[in-house]
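Single-letter residue listing:
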Amino acid sequence: MSGTMDDHAVRSALTGSMRDYVHPDGRQLQTRADAFFEWQHLRRRQGLWPYSRASEEGPSTFMAARDDAGRSVRGVNFASQDYLSLCVHPDVKRVAMDVIAEFGMHSAGSSVLLGNTPQSVALERRVADFLDMPEALLFPTGWAAGYGVIKGLVRPTDHVVMDVLSHSCLQEGAQAATHNVHRFHHNDLAECRALLEEIRAHDAHHGIMVVTESLFSMNSDSPDIVALQALCHELDATLVVDVAHDLGNLGADGKGVIGDQGMLGRVDLVMGSFSKTFCSNGGFVACHTRALKEYLRFYSPPCIFSNALSPSQAATVLKAFEIIESAEGRRLREQLLGNILELRRQLEEAGFEVYGEPSAIVCVKIGSEALARLVSRHVQDAGLLANLVEYPAVAKGQARFRLQVMANHTHGNIRDAVAALKAANASGRSDFGRLGAAWLQPPEPTARWH
Ligand SMILES: Cc1ncc(COP(=O)(O)O)c(C=O)c1O
């Protein structure tokens, strides 16, 4: 292989993955992190590290940001999670400021002590009512809710059976709770059944939690929740469904996939995040009894031992619910869906392969990390803010760009985004060819959790 010094450096920055640094060697915990930094910095110097960017303004459809080398970037923004554009809604901003003026910034306590506020108590009720569930419990983040619902209920002799693509908070919660973690292939109901039957054949006494998502955050697809819940009833298992990405924004009334599948109020445990549609940090678990809610409050470590949502966060989410349940919410969802369909149509017309079903998550397939990194270098120069996704968010060899759609995007924004991605893809592929980088293509995708 021939080329300039720069080409050699770029080629090196196209190799490797965060997976290589998961288990660093050596007894010095602090210095053994250096190898990761060297690799990261190699990528950063070559403009191939598109992570840890800082926005220079509130999340909007066209915005300025800085990459973590301090370079300023500017473009149409498909990298923020604000599906109904409520972050910039004047009523939301006003209520947050009013509550800060009255209550200050901080809950100043966990929800088992004095951290509850009128806003958080009202929000628990609102979440439960929206989901047609008797009870709901708040958590400081969606991640804490996912981790907490599993760690709070599952004990070392119990079992967790989960979709292999479940979010990190669910995977980490399962691993912290028990060694008996069984994963089934993505959305493979037959394999899930086989695992449950196998467990029940040998263990009639312990609990089984089945874990999935209503809309998978990197694939934009959904399981058959009706069938999964029936299977759980049949084999005495408890179903948890993470609704982080669809609640509030999908379906005519915003009830998401569980609403569309006629499962409102009929799933054992529903957990979610406010950070995608409800314009605030925070998460929740909805359940069927006060007894279970109280148990979770006191036995989920991120609930009992972490400060509760601040009053302004809870008030923000309450206001978001009010909008979501109004005619304006319906209109915003229609706008969002129109944007999603238009973006998918234009991407497919431009020759891209798009994952899954229409939702606010629009992932464009690339595959090779090396190619995706080269394309990412051109994406931001072409005036598009979109996230490059590679391991550990997806399996190795399955790199993709994730575009997250907002209600306020215009068709002009969509046209610009597709044009930018098309130009960046062509330039990235040409770099890939010039560098002779095809040998970097991993032979087979490597799963995330194995
Ligand atoms: C499916 C899923 N669950 C949970 C979370 C965690 O939510 P939060 O950002 O509120 O911590 C996320 C966010 O990345 C997610 O995608």
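This structure is a prediction, so every number in the text was calculated from the model and none was measured.

### Overview of the overall build of the chain
Next, step 1: A count of helical and extended segments in the chain gives 15 helices and 14 strands.
Next, step 2: For a compact globule of 450 residues, the expected C-alpha radius of gyration is about 22 Å, and the chain comes in at 22 Å, within 12% of that figure.
Next, step 3: Considering only C-alpha atoms, the chain reaches an extent of 70 × 55 × 45 Å along its principal axes.
Next, step 4: Taken across its 450 residues, the chain has 54% of its residues classed as buried.
Next, step 5: Considering only intrachain contacts with a sequence separation of at least 6, the fraction spanning at least 24 residues in the chain is 71%.

### Focus: the site of the ligand
Next, step 1: Residues in close proximity to the ligand total 14 residues, the closest being Gly142, Asp242, His245, Ser273 and Lys276.
Next, step 2: In the model, an oxygen atom of the ligand is placed 3.1 Å from a nitrogen or oxygen of the Ser275 side chain.
Next, step 3: Surface burial for the ligand is 83%, taken as the share of its 390 Å² of free accessible area covered by protein chains.

### Description of the packing of helix H7 (residues 189–202) against helix H8 (residues 225–234)
Next, step 1: Two elements in contact, H7 and H8, have axes separated by 11 Å at closest approach and are oriented at 10°. On the basis of their axis angle, the class for H7 and H8 is roughly parallel. For the pair formed by H7 and H8, the contact residues are Leu189, Cys192, Arg193 and Leu196 on the first element and Ala227, Leu228, Leu231 and Glu234 on the second.
Next, step 2: Grouping the constituent residues of the contact of H7 with H8 by class yields six nonpolar, no polar and two charged.

### Details of the pairing of strand E6 (residues 181–184)
Next, step 1: Here four bridges tie strand E5 (residues 159–163) to E6, and the two strands are oriented parallel to one another. Note on E6: the bridge partner recorded for Val161 is His182.
Next, step 2: Handedness of the E5-helix H6 (residues 168–177)-E6 crossover: right-handed.

### Focus on the packing of aromatic side chains
Next, step 1: Under the definition given, this model contains 12 aromatic pairs.
Next, step 2: Grouping aromatic residues by their ring pairs yields a cluster made of Tyr21, Phe36, Trp39, Trp49 and Tyr51.

### Re the pattern of salt bridges
Think of it this way: side chains of opposite charge can pair up when their charged atoms draw near.
Next, step 1: In the structure shown here, the tally under the stated rule is 19 salt bridges.
Next, step 2: Among the salt bridges present, the one from Arg43 reaches Glu390, with a minimum N-O distance of 2.7 Å. Placement of Arg43 in helix H2 (residues 34–45) and of Glu390 in the loop between strand E13 (387–389) and strand E14 (399–404) is noted, with a sequence separation of 347 residues between them. Take Arg43 and Glu390: they sit in the same class, and that class is buried.
Next, step 3: Linking Arg297 and Glu294 is a salt bridge whose minimum nitrogen-to-oxygen distance equals 3.5 Å.

### Some remarks on the side chain of Gln380
Next, step 1: With respect to the secondary-structure elements, Gln380 resides in helix H14 (residues 369–381).
Next, step 2: Excluding its chain neighbours within four sequence positions, the residues that come into contact with Gln380 are Arg53, Asp67, Val73 and Arg74.

### What about the side chain of Asp242?
Next, step 1: Here Asp242 lies in strand E8 (residues 238–242).
Next, step 2: Despite its burial, Asp242 remains without a salt bridge, the nearest opposite charge being carried by Lys276 at 8.0 Å.
Next, step 3: Contacts of Asp242, omitting those with residues within four sequence positions, involve His167, Cys169, Leu170, Thr212, Glu213, Ser214, Leu215, Met271 and Gly272.

### Looking at the nonpolar core
Next, step 1: By size, the foremost hydrophobic cluster in this structure holds 96 residues, and its most contacted members are Leu123, Phe274 and Phe284.
Next, step 2: Viewed by domain, this core spans two of them, domain 1 (47–77 + 328–440) and domain 2 (87–324), each represented by three or more residues.
Next, step 3: Leave out the neighbours within four places in its chain, and Phe274 touches Leu123, Val127, Leu138, Cys279, Ser280, Asn281, Gly282, Gly283, Phe284, Leu309, Val317 and Phe321.
Next, step 4: The next biggest cluster of nonpolar side chains, apart from the first, holds 23 residues, and it includes Val149, Leu170, Ala174 and Met209.

### A word on the domain arrangement of the chain
Next, step 1: Its domain assignment divides the chain into domain 1 (47–77 + 328–440) and domain 2 (87–324).
Next, step 2: On the domain 2 side, the residues contacting the 21 residues of domain 1 number 19 residues.
Next, step 3: Interface of domain 1 and domain 2: buried area, both sides summed, is about 1,600 Å²; carbon and sulfur atoms make up 56% of it.
Next, step 4: The interface formed by domain 1 and domain 2 holds zero salt bridges in total.
Next, step 5: Our count for the domain 1 to domain 2 interface comes out at 13 residue pairs in polar contact (both at pLDDT 80 or more).
Next, step 6: If you list the elements that add at least two residues to the side of domain 1 that touches domain 2, you get helix H13 (327–349), strand E11 (361–367) and E14.
Next, step 7: Residue contributions to the side of domain 1 that touches domain 2 peak at six residues, all from H13.

### Concerning the pairing of E5
Next, step 1: Burial of E5 is extensive: five of the five residues sit out of reach of the surface.
Next, step 2: Neither face of E5 is open: one carries His159, Val161 and Asp163, the other Val160 and Met162, and all of them are buried.
Next, step 3: With four bridges connecting them, E5 and strand E7 (residues 208–213) associate as parallel partners. Bridge pairing in E7 links Val160 to Met209.

Each value, and the rule that gives it
- Residues numbered from 1 in each chain as written.
- Predicted model: local features only at pLDDT ≥ 70, side-chain atom pairs only at ≥ 80, totals over all residues.
- Heavy atoms only, no water.
- Helix = DSSP H or I, 4+ residues; strand = E, 2+ residues; numbered from the N terminus.
- Rg over C-alpha atoms; globule rule 2.2 N^0.38 Å.
- Buried < 20%, exposed > 50% of the residue type's maximum accessible area, 1.4 Å probe, protein only.
- Contact = heavy atoms within 4.5 Å.
- Near = heavy atom within 4 Å.
- Polar contact = N/O pair within 3.5 Å; in protein donor to acceptor, adjacent residues only side chain to side chain.
- Areas by Shrake-Rupley, 256 points an atom, 1.4 Å probe, with all protein chains shown as cover.
- Axes fitted to C-alpha atoms, helices over the stretch in contact; angles between N-to-C directions.
- Parallel < 35°, antiparallel > 145°, perpendicular 65-115°, else oblique.
- Nonpolar A, V, L, I, M, F, W, Y, C, P; charged D, E, K, R; others polar.
- Pairing = 2+ DSSP bridges.
- Right-handed = clockwise from strand over helix to strand, strands pointing away.
- Phe/Tyr/Trp six-rings, centres within 6.5 Å; stacked < 30°, edge-to-face > 60°.
- Salt bridge = Lys/Arg side-chain N within 4 Å of Asp/Glu carboxyl O.
- Lys, Arg positive; Asp, Glu negative; His and termini not counted.
- Core = buried A, V, L, I, M, F, W, Y, C linked by side-chain atoms within 4.5 Å.
- Domains from an automatic or database assignment.
- Buried area = accessible area lost by both parts, 1.4 Å probe.

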